[in-house]
Amino acid sequence: MRAAVLEEYGEPLAVKEVDDPELEPHGVVAEIDSVGVCRTDWHAWQGHWDWIGLKPETPHILGHEPVGTVVEVGEDVETVEVGQQIAIPFNLGCGHCRMCRTGHENICENQRILGFSEDTPGTFAEKVHVPDADVNAVPLPDVIDPDTAAGIGCRFMTSYHGLAHRADVGRGEDVVIYGLGGVGLSGVQIADALGANVVGVDLMDEKLDKAEELGAVATVNAADTDPVAEVRDITDGGAAVSVDALGIAETTKNAVASLAKNGRHVQLGLTTDEESGEISLPVDVMVAQELDFCGSLGLQPSHYPEMLSMIETGKLDPSEMVAETISLDEIPETLDAMSDFDTLGIPVCNEF
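Below: a short report on this structure. (Residues numbered from 1 in each chain as written. Predicted model: local features only at pLDDT ≥ 70, side-chain atom pairs only at ≥ 80, totals over all residues. Heavy atoms only, no water.)

Right, let's get into the sheet that holds strand β4 (residues 60–61). Pairing is antiparallel across the open sheet formed by 3 strands, whose spatial order is β2-β1-β4. Of all strands in the sheet, those bounded by a partner on one side alone are β2 (14–17) and β4. Here strand β1 (residues 2–6) pairs with β2 via 4 bridges, running antiparallel. Residue pairing across strands places R2 opposite E17, the latter belonging to β2. (Pairing = 2+ DSSP bridges. Helix = DSSP H or I, 4+ residues; strand = E, 2+ residues; numbered from the N terminus.)

This paragraph deals with the packing of helix α5 (residues 155–166) against helix α6 (residues 182–193). Where α5 contacts α6, the two axes come as close as 8 Å, and the packing angle between them is 50 degrees. By the criterion of interaxial angle, the relationship of α5 to α6 is oblique. At the point where α5 passes α6, the crossing takes the right-handed sense. Two secondary-structure elements touch here, α5 through R155, F156, S159, Y160 and L163 and α6 through G182, V183, S186, G187, Q189, I190 and A191. Here the contact of α5 with α6 is built from residues that sort into 6 nonpolar, 5 polar and 1 charged. (Axes fitted to C-alpha atoms, helices over the stretch in contact; angles between N-to-C directions. Parallel < 35°, antiparallel > 145°, perpendicular 65-115°, else oblique. Left-handed = near helix turned anticlockwise from the far one by under 90°. Contact = heavy atoms within 4.5 Å. Nonpolar A, V, L, I, M, F, W, Y, C, P; charged D, E, K, R; others polar.)

Structural data, given as structure tokens:
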């Protein structure tokens with residue numbers, strides 16, 4: 001099969017022939033219908049995140065936002081059939097550990113990260129093997145097309161879990177989102193659908209305009225003003241929920257500083273080499289104002305149905321985040337374009 005392979009960090013991915021995936025008894029093999037190209041892939045391409053064990057050894061196939069059609073089923077699989085179209089979460093659970101048994105399979109004790117873990121090659125390829133398919137292969141409703149569903153495999157479902165579950169966003173609450181890439185723009189639409197008043201913060205007018213299209217009641221260009229002061233003014237003293245969707249020290253600190261007393265911060269963005277996973281925060285202020293700081297990773301496969309139901313009924317529409325469709329051969333240049341942090345929305349590969 002053809003795949004885009006990481007052979008050297010920072011160098012263009014090599015589009016080449018590789019071996020087809022081997023079917024395991026607990027897994028399925030799926031042909032990839034579409035796959036999002038995510039900033040998380042860019043981080044992997046750059047060789048970031050060795051401090052949390054997410055620096056894949058080369059050579060390795062990246063890609064972790066797929067939709068596929070099942071073509072082979074292992075003998076131990078009970079819930080998935082050949083011909084089904086499936087979404088595949090990047091956070092793969094085993095289904096047996098304490099975390100999986102208690103509904104937290106996104107932080108499985110035996111977790112494998114699609115496109116990052118050594119034994120779990122990704123989906124910038126014609127086919128992929130999905131381990132523990134009874135847990136990790138999520139059947140898609142017929143009304144959701146593959147290009148729409150590709151973006152939900154990381155950015156959209158990450159924002160959904162962070163806002164709907166970790167922050168438990170309520171109707172009428174003020175939510176501020178720093179960083180309006182794929183994760184941040186998804187968060188704008190999701191928070192709006194949950195009934196919140198959303199304020200988007202970024203440096204690019206195009207992204208701010210897109211946030212307003214997706215439901216933001218106000219936007220702030222951080223290049224032109226003090227974003228914390230502006231957000232606190234818009235929200236009459238501070239937001240109930242803040243989100244950092246970028247993962248740099250400045251946006252994390254500004255997001256926390258934008259909260260009202262008793263506010264909740266949700267960290268969706270992971271850091272780059274500059275921070276290497278460490279960001280200083282105003283701990284005394286967080287104590288004095290009883291601020292919560294929540295990490296959030298992906299979405300449990302068992303919770304996909306509630307998100308898919310909102311997509312099926314039109315309350316959420318991930319297709320509005322799809323910026324362009326590309327071929328497998330265009331993935332290397334698409335990753336390279338992300339180095340300037342000026343891409344808008346989600347590129348989706350649907351031609352292999």
